[in-house]
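Residues per chain are reported as follows:
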Amino acid sequence: MGGSNSTGRGSGSGPRAMPPVEEVDIAAVRYKSPTLQAPHLTGFSLRAFLWLMESSLLGPLVTSVLKSQNNMPQMLQQTVIPERPMYYPEFPPQDPEPEVVLVDEDRDPVERVDEALQCLPQYDPSIRWTTEENPPFLYWKIRDFAHAYRSGITTPSAVAEYVIAGVQEWNNKKPPMPMLVYFNADDLKKQAEASTKRFQQGNPISILDGVFVAIKDDIDCFPYPTKGATTFFDQIHTVEKDAVCVARLRKCGVVFIGKANMHELGLGVTGNNPNYGTARNPHSVDRYTGGSSSGPAALVSSGLCSAAIGTDGGGSVRIPSALCGIVGFKTNYGRTDMTGVLCDSGTVEVASPLASSVEDAILVYSAIAGSRPMDKLTLRPSPLCVPNLLSPENSNILGSVKIGKYTEWFNDVCDHEISGTCDDALKLLCSTFGCQIEEIILPELEEMRTAHLVSIGSESFCDLNPHYKAGRKTEFTLDTRTSLALFGSFTATDYVASQSIRRRIMHYHMEAFKKVDVIVTPTTGITAPKIPPSALKSGESDYVVSAYLMRFIIAGNLLGLPAITVPVGHDKQGLPIGLQLIGRPWGEASLLRVASAVEELCLKKRKRPSAFYDILKA
């Protein structure tokens, strides 16, 4: 992902040495497009390659060749890195954000959602509920459901029937579109009935009461099993209660539609899953949704639910949201309590909302956010806030926003249509509100990608190794095993060196944030890739496609920064393009304000997917 040739200094035959980060001349850094080398494998070739990787004699040789081709030993083992390791994101204290409303995280989720609701533009049912053939919007919002229930247009029970019919229709399609790993129609009806009763008695719990939400299959949602989209994980992981983020939504009256499909154990960014079938992109069913939150993105994009909760450790919420034309909001690391999520002990992952609009993302975020006690001590989060979109100061604040753009990196995409569409959205933002684009340079992007791969890889391997060693190895899919064979080859030296790189990359980003408020990139370097038919049965390993999908998303995970993807248009084939905004540490509210403005300006460029289901048939 573009390294720099200005940051290494060697002396003859000694090891390469990086200058201390404060001495790097950022202006002299040259962008270098990444050249990732790895074979594309499906079917028999994948099986054969895995056999080599797992062989005790040849495996170490194969992984060492792969790593050498991609410069990893040189970066991590043959270089003197002067910085101390940073084992999880550490942020300098931040200034308070302007024109935000404090949603105190110690309060009940219902009160917080209510607080967030007061910050949204006035809801006008007459605009949303017209008799026109083509309504002036793509998706129903959470407030539309609330209005429909409160004014007796429909009930959660009636909508539940449409949801059930929709899920069954997708599953019976040719090819099937398996968005859910676990679905229980009776339980769904029961939840919807309880909500319908609350409306009949005139006491709905919150604006989220009766709203349908899907939960990714690596997050506990009692009484459903959590499998991580494997065939066996529910046998070793018993679900006794909801994950904290799920419990907070349940308190607000949300109706859970089931456990959404995903890339097995989150170890991939296409969404390919031979165990349950591969979720398909509602905009083009022969293409991937992106992953690993593939089911959540497909469900929201196709209209089957208003929002979903996914997890993002390597772009896993933002990538599928961008490819499926919806909003994916990755919160700051440590902003949400990860208790009850399979990857709750890592240093790159957060549970976050996917929604069809920024407004709905704000409402769901205000319900689920709130750090765990341990993170409050170590990370010292800034107070939990949402932007006051009703403030008369709103457009003045947008006018003063400085947007950071590293042009050479921004334009390093598979097709210039992607960067061009993202550029058009930025021009529109600047001409409407008067904000400024500032050129920035972010050094050592290649090192950042490597440090992230080693961090997420080592943390995943550490979690899964006991099951791997207990003889469960053959129950994982081939591409999960390929990834684990690579991850298992990382050493303690690799991990510690990666954490020293993390500190350097944090420094460069904090320097950029002294000049700018947000950093912008396309969300992905390609639009939704085609699903090779040969990959459906036994999976696929394609690190080159993965690298294109992950090109711009790493800072959000390695550095824990908040980031959001907003749909800004489509390419010639009608596939969605997302613009990514990366915010300052704990700067979610400011990020949501800018995202909301971008969304509003680009609404007319969005198209509804070809596979769409209207569950609020009025």
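The chain goes by Amidase domain-containing protein in an unreviewed UniProt entry, where it is assigned to Sorghum bicolor. The UniProt entry for the chain carries this comment under Sequence similarities (unreviewed entry): "Belongs to the amidase family."

Next up on the list: the overall build of the chain. Summing up its helical and strand segments, the chain has 24 helices and 19 strands in all. Over its C-alpha atoms the chain spans a radius of gyration of 23 Å, differing by no more than 12% from the 25 Å that the globule rule assigns to 618 residues. Each principal axis of the C-alpha atoms in the chain carries an extent, and together these give about 80 × 55 × 50 Å. Evaluated residue by residue, the chain yields a buried proportion of 63% over its 618 residues. Of all intrachain contacts in the chain linking residues separated by at least 6 positions in sequence, the fraction that spans at least 24 positions is 79%. Summing over all exposed atoms, the chain offers an accessible surface of approximately 22500 Å²; the carbon and sulfur share of this is 54%. If you average the places of the 59 positive and of the 67 negative side-chain charges in the chain, the two averages end up 3 Å apart.

For the pair helix α1 (residues 43–54) and helix α19 (residues 478–487), interaxial distance at closest approach is 10 Å and the crossing angle is 30°. With respect to α19, the element α1 is oriented roughly parallel. Judged by the twist between their axes, the crossing of α1 over α19 is left-handed. For the pair α1 and α19, contact is made by Leu46, Arg47, Phe49, Leu50, Met53 and Glu54 and by Leu478, Asp479, Arg481, Thr482, Ala485 and Leu486, respectively. Classifying every residue of the contact of α1 with α19 by side-chain character gives seven nonpolar, one polar and four charged.

In this section: the nonpolar core. The biggest cluster of nonpolar side chains holds 186 residues, and the ones touching the most others in it are Phe212, Leu249 and Ile309. For this core, the leading source of residues is helix α20 (residues 492–515), giving nine residues.

Along the chain, the position of glutamine 499 falls in helix α20. Polar contacts involving the side chain of glutamine 499 include one to the side chain of serine 455, which spans 3.0 Å.

UniProt feature "domain: Amidase" (unreviewed entry): in the numbering of this structure it lies at residues 180–592. As annotated, residues 180–592 has a helix share of 42% and a strand share of 17%, and its two end C-alpha atoms lie 29 Å apart.

Here we come to the pattern of salt bridges. Per the stated rule, a full pass over the model turns up 30 salt bridges. Of the charged contacts in the structure, one is a salt bridge between lysine 251 and aspartate 108, with a shortest N-O distance of 3.7 Å. Here lysine 251 is found in helix α10 (residues 244–251), whereas its partner aspartate 108 is found in the loop between β4 (100–102) and α4 (109–117), with 143 residues between them in sequence. Residue class for aspartate 108 comes out partly exposed when judged on its relative accessible area of 28%. Residues arginine 198 and aspartate 209 are paired through a salt bridge, measuring 2.8 Å at the closest nitrogen-oxygen approach. Taken as a pair, arginine 198 in helix α8 (residues 185–200) and aspartate 209 in the loop between α8 and β6 (212–216) lie far apart in primary sequence, 11 residues in all. The class of aspartate 209 is buried, set by a relative accessible area of 0%. In the salt-bridge network here, residues are joined through shared partners; they are Glu83, Glu444 and Arg504.

The strand order β5-β7-β6-β10-β12-β11-β18-β19-β16-β14-β15 describes an open sheet built from 11 strands, whose pairing is mixed. With one partner strand each, in any of the chains shown, β5 (180–182) and β15 (436–439) form the two edges of the open sheet. Between one strand axis and the next, the sheet turns by 35° as a mean value, whatever way the strands run. Direction of pairing for β6 relative to strand β7 (residues 255–260): parallel, over a ladder of four bridges. Note that in β7 the partner of isoleucine 215 across the bridge is lysine 259.

A surface patch of nonpolar side chains, about 570 Å² in accessible area, is lined by Trp51, Leu57, Leu58, Leu61 and Val65. As for its position among the elements, leucine 61 is in helix α2 (residues 59–69). Leucine 61 gets classed as exposed once you look at its relative accessible area, which sits at 53%.

Let's shift gears to the side chain of glutamine 191. Residue position: glutamine 191 is located in helix α8. The exposure class assigned to glutamine 191 is buried, which follows from its relative accessible area of 14%. Among the polar contacts made by the side chain of glutamine 191, one reaches the side chain of tyrosine 224 at a distance of 3.3 Å.

Taken together, the buried positions of α10 are Cys245, Val246, Arg248 and Leu249. Down the axis of α10, the buried side of the element spans an arc of 160°, and every buried residue falls inside it. Residues of α10 that are buried sit in contact with α4, β6, β7, β10 (307–312), β12 (350–355) and α13 (358–368). One or two residues past the end of α10 sits glycine 253, with phi positive at roughly 90°.

So, about the environment of serine 419. Here serine 419 shows up in helix α17 (residues 416–433). Residue serine 419 is classed as buried on the basis of its relative accessible area of 5%. Distance in space between the C-alpha atoms of serine 419 and leucine 579 is 8.9 Å, their sequence separation being 160 residues. Beyond its immediate chain neighbours, meaning those up to four positions away, serine 419 contacts Phe410, Asn411 and Val413.

A few words now on the state of the cysteines. Here is the idea: a disulfide is a covalent bond, and it sits between the sulfur atoms of two cysteines. Counted by the stated rule, this structure contains zero disulfides. Among the cysteines around cysteine 343, which has no disulfide bond, cysteine 245 carries the closest sulfur, lying 10 Å off. According to the relative accessible area criterion, cysteine 343 is buried, its value standing at 15%. Between cysteine 414, a free cysteine, and cysteine 422, which holds the nearest cysteine sulfur, the sulfur-to-sulfur gap is 14 Å.

Conventions adopted
- Residues numbered from 1 in each chain as written.
- Predicted model: local features only at pLDDT ≥ 70, side-chain atom pairs only at ≥ 80, totals over all residues.
- Heavy atoms only, no water.
- UniProt positions renumbered as here; feature names shortened; annotations may be inferred.
- Helix = DSSP H or I, 4+ residues; strand = E, 2+ residues; numbered from the N terminus.
- Rg over C-alpha atoms; globule rule 2.2 N^0.38 Å.
- Buried < 20%, exposed > 50% of the residue type's maximum accessible area, 1.4 Å probe, protein only.
- Contact = heavy atoms within 4.5 Å.
- Areas by Shrake-Rupley, 256 points an atom, 1.4 Å probe, with all protein chains shown as cover.
- Lys, Arg positive; Asp, Glu negative; His and termini not counted.
- Charge placed at Lys NZ, Arg CZ, Asp CG, Glu CD.
- Axes fitted to C-alpha atoms, helices over the stretch in contact; angles between N-to-C directions.
- Parallel < 35°, antiparallel > 145°, perpendicular 65-115°, else oblique.
- Left-handed = near helix turned anticlockwise from the far one by under 90°.
- Nonpolar A, V, L, I, M, F, W, Y, C, P; charged D, E, K, R; others polar.
- Core = buried A, V, L, I, M, F, W, Y, C linked by side-chain atoms within 4.5 Å.
- Polar contact = N/O pair within 3.5 Å; in protein donor to acceptor, adjacent residues only side chain to side chain.
- Salt bridge = Lys/Arg side-chain N within 4 Å of Asp/Glu carboxyl O.
- Pairing = 2+ DSSP bridges.
- Patch = residues over 30% accessible without salt bridge, like charges linked within 9 Å, V, L, I, M, F, W, Y side chains within 5 Å.
- Arc of directions from axis to C-beta.
- Disulfide = S-S within 2.5 Å.

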